[in-house]
Every structure is written in structure tokens, then in C-alpha cells.
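Letter by letter, the chains look like this.
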2 protein chains.
Amino acid sequence: MKQLFDYIEANSNAALDELVRFCQQPSISAQDVGMADCAKLVATMFREYGIKAKIFKSSGCRYPFVYGEIAGESTKTLLFYNHYDVQPPEPLEEWTSPPFEPRIAEGKFWARGAADDKGDLIARLAVIDAFRKVRGKLPVTIKFLVEGEEEIVSPSIARFVSEHKDLLKADACITETGAVNWRGQPIMFLGCKGMVYCGLEASGAAQDAHAMLATSVPNPAWRLLWALSCLKDQDENVLVEGFHDDIRNPSMEELTAMMSIADSPEIAQAQDETELKELGLSSFLKGLSGAERRARDIFSPTCNIDGLESGYTGTGPKMIIPRVARARVDFRLLPNQRGKDILEKVRRHLDKNGFKDIAIVEPILLFEPAYTPLDNPFVTLVRDTAREVYKVEPGVVPWAPGSAPTHCFTELGMPVVPAGVFYFGSRPHAPNEHIRISDFIAGMKHIAAIIARFGP
Amino acid sequence: MKQLFDYIEANSNAALDELVRFCQQPSISAQDVGMADCAKLVATMFREYGIKAKIFKSSGCRYPFVYGEIAGESTKTLLFYNHYDVQPPEPLEEWTSPPFEPRIAEGKFWARGAADDKGDLIARLAVIDAFRKVRGKLPVTIKFLVEGEEEIVSPSIARFVSEHKDLLKADACITETGAVNWRGQPIMFLGCKGMVYCGLEASGAAQDAHAMLATSVPNPAWRLLWALSCLKDQDENVLVEGFHDDIRNPSMEELTAMMSIADSPEIAQAQDETELKELGLSSFLKGLSGAERRARDIFSPTCNIDGLESGYTGTGPKMIIPRVARARVDFRLLPNQRGKDILEKVRRHLDKNGFKDIAIVEPILLFEPAYTPLDNPFVTLVRDTAREVYKVEPGVVPWAPGSAPTHCFTELGMPVVPAGVFYFGSRPHAPNEHIRISDFIAGMKHIAAIIARFGP
């Protein structure tokens, strides 16, 4: 490994140059800026690294998938998942330097996409270069799936993966969101919660009516909020009938794993206070704090209102019975809840409570919960190599509080584990996104160690 | 009266010319278009009719009040309430002719403000002209109070009236909203419901938070809708503690009065169907119809949601915990409920139900319910003269389902009754507002008869 690590260190500036090249190309999926050019750039870079590349423009997807493959000496195959799209850079005035003009300063690399997710892809390419230069070959076959729709919630990946099962066949998958926390400990989320996101809509009269008619004209805003009230009570209990049926209790191993990221009570309290200050809150929901809050973030499902809209709330008074009321809600799901089943249960629950008039409308998004068991050998491999590279016990969390298309890969029967180059201060999605160059180098070494250990 | 009526008929074209002049002057209070010029025009016209005029620009009001006074031979005084502002004309493309270019066609006068409320003021001025030309003098002193803020919910009139009690002292008041219904029967609302309108606001984190944090970050949209749910149940019962305490039951006379506007069951059903069709509804609230629905419109208070706003409901998905949630609500009040008292009860009810975090915010508007008793002699006078002019029994309703600043005048101890020139098809607030010229002439005659009968 030493030769590989030495090569990676010696050539880290070349890798950073490649990252400049990648980050200079805007690729804002939400705004359709630079997307086709960026897909082409990924394929071009693949070919420069000896990786066979193909751009898939399937009829259903908005931005193409880029597939890459490079053969290795064993029969084993490792799949890398990345995305080439980035979040919109706005608000631009908060950037110290322009988001698509990468800059190195203070030991950090600043650009939109540096952390999420262009840094990860460049790190992986640099490791392939290292293997080819140092060893002349790769120990395992490497496949890449790079999508352009991650920042618009991956609407096409489930279908793409299911339609290309053979192409994407692999023994394990390394995904994004590998990061080190504030004290330098690499954190691995071994899965993610599922999600159901949908609109709810109540309709009233054909046009807004005068408020004085509220004695006889139905008000869809009332209908909608009464309907929402029957989904969750004031103590945060989800009331949808059957909602909790399929949730399995966390195993002792999963609960114990949480302890691997536990802070001392003093540090946990300081961390709570920092987060509360940033959020502008005096307390967390239900007064929770410390380890109890962190456990709830992982082991509780949610029922959240993302938006409400009805009638008039602008300047000055306007007295009306709105013609329509709209909400957006999302549920975060735990293993073994299923998105489609939950959506059906919500429909049945509304009907049963007298809300047949409330329509479930687009946008409807379903992500299934997905996780790789703690005792999977590939988890052990990634954990062991992380310990060796970072010189600290990695933190392992059964799954993340967020949702991602991880289930597309776990459903193909492979373990999926993150490894990457950013840290908790990287500000993905925010102005002044950046990675630390030391994390970038450590991240490359970790990927190299994973590939080496995974081989024969 | 015959001489007066003949003069009014003979000079109706001159009155319509004056109405052209008045309606040509835009006066859109919501958009601050032409307001100062229109106030000056009212004062100018007053002086042309021998009425002393004064423009009051009080520090607190947005647009001036115009006061007018012309002495009569008796000690009795009649106060006319009018307003010179009009609703915004939008949507302009739906007007057959431009809203501020009055047009006479099909026996109708078309212009923004024709019905609401410039036609009424011109009719009253024409009647004063008739008295002066035919009789040389007025039988009673006439006072005018013309405001410029009616279409922005009269925010200053209560204070203005209470600060000018002596100036406005009168024995009776004729207000606007006098109209004939579809079958030519003049309808008199002897008062109006009161109103409390306010914003409700729930605050969460300092900025929108990621929806995956819903396990620990409070969501103000949930707080707001739970709070709203405790104000009214799904059967339309207002739950605010003490809300109904001061409502007095309608008297037998008030209930009987409703029969004066009753239609035959066939006509009532046809009317329900017409209204439902226009509203695009299949049924009214609680399945009500006919006389039962009309009685509820008059004798029930309301608790209405005018608007809701929180988070994101735009194109595509956005998963957030909104930082703030806002609602607007209005309550329509019955005699003897009081706006301030109801607002305090809402605050106490929210507090008692665990919603101290829900703020009651601007815009806050209070209108007190107000009505003139059915047996007041002035009501009889207006009713009798209406019967004589319109040759049909007028319809009398204890109060209107809507709210108006009527209480400002009833609190000064005078009866307040409407008389006017529009009809149920006049489309006030909508494109192609108009009055029928026959109603304009009948309305002038009715005002003349009221003044004549009120005199010695």
C-alpha cells in the first residue's frame, strides 16, 4: 500500500487540477445549466483514465446517466455511485469567490460541487490512475454509475438501475456521503430512511368567494387542515392506521453502533447548543437532547409538512373563502416500511376519517428505506481500511436520517457503503462549499485501500 | 312629491352627465390611483350644489374624508354616508369598455364605481338640486361623510367619527348598499355582522431546515394547523371558549322579517341551483338549502380561514421544515358580540390549549356588529317611501351577512338604513360594473321621498 499512498500524495496536485477542470464546468440540474456538457466531460475524463465510457440518454430521464467500466485482474467487481450535478449556487453574494471558479486557499478547495459530489469522483479517478501507474493494473473490475439528477431527487435512477441490472452487476457498491466529523472521525451511514413525498389538495368553489359567505360555502383550507390533523397528533405520533406495522425494532448491534459516534455528555451538550443556536431555537422537539435526540433522528419515522398554500396572506387584509388549499407532506420511513404501502395507507386513513375529498397529487416521490447489515463483510472491510487510513475508530450508523436512492443498489443484492472526501464543515448545498485538501488525500487513500483489500 | 319626481325624471340626463364626470376620475384606494384628485372633485361638486365642503386629511388616515353640509328649514338633520374610492378594475381584459370611460348602453350605465358607490352619491346630489330648484330650499339639514378607504376596509373611519361627533351629529343616517333584487324588490339590510380579522403566525427555526430533521426540529406549519383545529370543529362549530356567550337570539320580528324576502320553494331551489352553478359547487355547507340556508347566512357567526402560507408548494419537490407558518382568519360576529372581546377570547383559548407560541399579528381589523331595530320609526319611514316609489313591498333583513363600519354611526345613537341605486346584477367589485338607469331614477325618487317625509 505504501507505494500507492506515496503515489497518491505525490500526485495530489494533479488530482486537484482535475478537480478544477470538473468544477469549472457548471452542472446545475435544477436550472438546466451545463448539464449536457458536464455529462460529456465525465465520459471524456473516463476515457482519459482508460475507462470505457457510455452516455445513456434514456427517454424517461431529464439528464443522462454516464456509465464507466475498467476491467481488473480478479472476477470481483466494485461499483461506484456518483453524481455530476450540483445544487444551484444562489445566493451568489454570499460566496467569497465565484462558485464555478475553483480556488485553493487555507488548505481548502473552494467551489460548488467540491464536496457534493465532484471531489469524490475525482478522488476515485485519481486512485485508478495510481493503481495503473504503480501496479499496472486494477485488482478488481471497477464500474461507475454517475447520474445527473441527484440534486433534483433522483427521479429516474430506480428505473434505470432495474433496466440495467446486468450492466451494473457488482459484488459491492461504494456510494457518496462519506465524511469525517468535526473531530476527524470518518462517519459511515450504512443506509438511509425511505421517503414518501406528495401533495395534498382540497378544492372548494370555482373561484375565491367573499368571506361573509362562510356560513354556506365550504372552505378547502379548513378541510385540508382537518385532514392533516388526522395524520399526526400534537405529541408527534403518526396516526395513519397501520403506519408502524412493518417497522422492525433496531437490533442490539444497531443500537450499539450508535455508541461509536457518541460524544461525551459535555461535548454532546455543547453540540446541541451549537445546533440550536444555528437553528435559532431554544429547544429541540419534545425537549430532547444528547444521545436521546440522536437516537430519535435515526430510529423514528417522521410525518412532516413541507408547505401550505391557500387564499391570501399578502400585504393588508383580504377576506375570502379560498377556492383551493394545497399542502406538501413527507414521511421518512424506517426498515421495513414500504413507500407504496404507506401512500396507500394514507389514502385509506383519509377516506376512513371522512376526507375522500382530499386528493393526493403530484409531485409524488417514493424512496424505499435501505441499509446494509452491520455484520456484512464489506462493511467490515470499509471499516477496517478506514481505521488504518484515518488512525481512528470510524463511526458507524445503521442508516442516515435522510433519504437517497440507496435501495436501487441494495435491491440488486450488493452491500452499499459510503466513502468520501468531505467533512462536516464542507457546506454542501450552501455558499462557500469546500473540502479540506487533507481530507481529499485521506479519502483517496481510503478508496485505494478498499480496492486493494477487495481484490484477490 | 309629483313636482320633485317630475324634475328628477326631466333632469336625469344631467345627473348621468355628473356621474360620467365622477366615474371618469379614477380613485383606486388599493393602488393609490387618483385618490387626492377624486377627493378634490367631491368637494368641488359639493360646492357646485351649494353644499359647504371640507376635506379632512387627518394624520392617521391614508386618504382624506370629504365632509359636506347644507342647511335645511327644520332642525332635523340627515346624514349620508358614501365613499369615493372604488375597487381595482382588474382583470382589465374582461371589461367590454374601459372601466374609467363611462358608457351608456342597453339602458345601463357602465363604469367602475357606477354601483359602488359613485352612483349613490350623484343620486343624492341630484336630489338636493331638485329640492333647491323645485322648492327653493331643503326641508332638513343634510350632512355628507364621504370616505376614501371603504374598499380597503375603512381602517380610519371609527376614529374619525369618534373624533367628530358634533360635526356628524344627525337624527338619522342613510348609508350605501341599497339595492333591488332580481324581481325588482328593494332590499334593506338594517345592519351588518361584526368582524374580527387577524393574522396568526407560528415561528420555527431561523431558516428552513432539511425535512430529514423533522425528528428534532419543530415544524411551525404543524403548530399552526393544530392551533387552527382547536378554533373550529369539523361540524363547523366554533370552539373558542365563550365565543357564543353574548349572542342574543333573533327576535320573532327579526325572524319574521326574513319572510319578507322569502321566495317560493320553487324559486328558492332555482336560486340555490343558480348560485351553486356559479360557485362550481355540488352543495352548500352542511347540505343546507332554501330558507334554512338564508337564515343561517344571517343568524350564524363564522370562523373562516382567509389564507395559509408556509414553506414550499411550487413546481417540483422541496423537502423542508418551514421556518414560519402564517394564516389569516376572520370571524363574523352577531349582536351583541364585541370584536375586542372575541379577539381576547381567541388569545385565551389558544393559550389554554397549549398554543402560547401562536402569535396574533397584523393586519388586525375589528368591526362591531351593528343594526337598527326593525321598529325604529326611521325604518318605517324608509320602508313606507320605498313601497310608494317601487310599488312593491320592500324586503327587510335584520342585518347583512357582511361587515361594514355601520357601528360608527349607530354608536352615535342614530338609526342607519340603506337606500341606493344598484341591483343584484350590478357586479360591484367585478368587471363590467353597471347600474340600470331605471334603478338610478327610482333610487333618486326614493331619496327625495325620504328627505321630504323626514322634514317637518
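Residues numbered from 1 in each chain as written. Chains lettered and ligands numbered in written order. Predicted model: local features only at pLDDT ≥ 70, side-chain atom pairs only at ≥ 80, totals over all residues.

Caption draft 1: Representation of the nonpolar core in the model. The biggest cluster of nonpolar side chains holds 93 residues, and the ones touching the most others in it are Leu-78, Val-127 and Met-444 of chain A. Among the elements that make up this core, the one with the highest residue count is helix α4 (residues 114–135) of chain A (11 residues). Setting aside residues no more than four positions away along its own chain, Met-444 of chain A makes contact with Ile-8, Ala-15, Ala-123, Ala-126 and Val-127 of chain A. Core analysis: the second largest hydrophobic core is formed by 90 residues, Met-188, Ala-404, Tyr-423 and Phe-440 of chain B among them. (Core = buried A, V, L, I, M, F, W, Y, C linked by C-beta atoms within 7 Å. Buried ≥ 20, exposed ≤ 12 C-beta atoms within 10 Å, placed from the backbone. Helix = DSSP H or I, 4+ residues; strand = E, 2+ residues; numbered from the N terminus. Contact = placed C-beta atoms within 7 Å.)

Caption draft 2: Looking closely at the domain arrangement of chain A. Residue and element names in this part refer to chain A. For chain A, the assigned domains read domain 1 (2–191 + 370–454) and domain 2 (194–367). Every contact between the two is made by 14 residues of domain 1 and, on the other side, 15 residues of domain 2. Of the residues contributing to the side of domain 1 that touches domain 2, the split by class is 10 nonpolar, three polar and one charged. (Domains from an automatic or database assignment. Nonpolar A, V, L, I, M, F, W, Y, C, P; charged D, E, K, R; others polar.)

Caption draft 3: Structural view of the packing of helix α7 (residues 220–229) of chain A against helix α7 (residues 220–229) of chain B. At a minimum axis distance of 9 Å, the contact between α7 of chain A and α7 of chain B shows a crossing angle of 110 degrees. With respect to α7 of chain B, the axis of α7 of chain A lies roughly perpendicular. Counted together, Leu-225, Trp-226, Leu-228 and Ser-229 of chain A of α7 of chain A and Leu-225, Trp-226, Leu-228 and Ser-229 of chain B of α7 of chain B form the full contact between these two elements. Considering only residue class, the contact of α7 of chain A with α7 of chain B consists of six nonpolar, two polar and no charged. (Axes fitted to C-alpha atoms, helices over the stretch in contact; angles between N-to-C directions. Parallel < 35°, antiparallel > 145°, perpendicular 65-115°, else oblique.)

Caption draft 4: The interface of chain A and chain B, seen in detail. The partner chain B presents 61 residues to the 60 residues of chain A that form the contact. Sorting the residues of the side of chain A that touches chain B by element identifies α7, α10 (290–299), β13 (302–311), β14 (320–321), β15 (324–333) and β16 (359–367) of chain A as the ones contributing at least two each. For the side of chain A that touches chain B, the element with the highest residue contribution is β13 of chain A, accounting for nine residues. In the side of chain A that touches chain B, the residues fall into 33 nonpolar, 16 polar and 11 charged. Where β13 of chain A meets strand β13 (residues 302–311) of chain B, five bridges bridge the pair, whose relative direction is antiparallel. (Pairing = 2+ DSSP bridges.)

Caption draft 5: Geometry of the sheet that holds strand β19 (residues 416–418) of chain A. Residue and element names in this part refer to chain A. Across the sheet, which stays open at both edges, the six strands sit in the order β1-β2-β6-β3-β7-β19 with mixed pairing between neighbours. The outermost strands of the open sheet, each flanked by one partner alone, are β1 (52–56) and β19. Shown here is a sheet whose adjacent strand axes are inclined to one another by a mean of 20 degrees, direction ignored. Taken together, the three bridges between strand β3 (residues 77–83) and strand β7 (residues 172–175) define a ladder with parallel strand orientation. Residue pairing across strands places Phe-80 opposite Ile-174, the latter belonging to β7. Helix α3 (residues 35–48) rests against β1, β2 (65–70) and β6 (141–147) of the sheet, and its axis sits at about 165 degrees to β1. Relative to β3, α4 is tilted by about 145 degrees, and along the sheet it contacts β2, β3 and β6.

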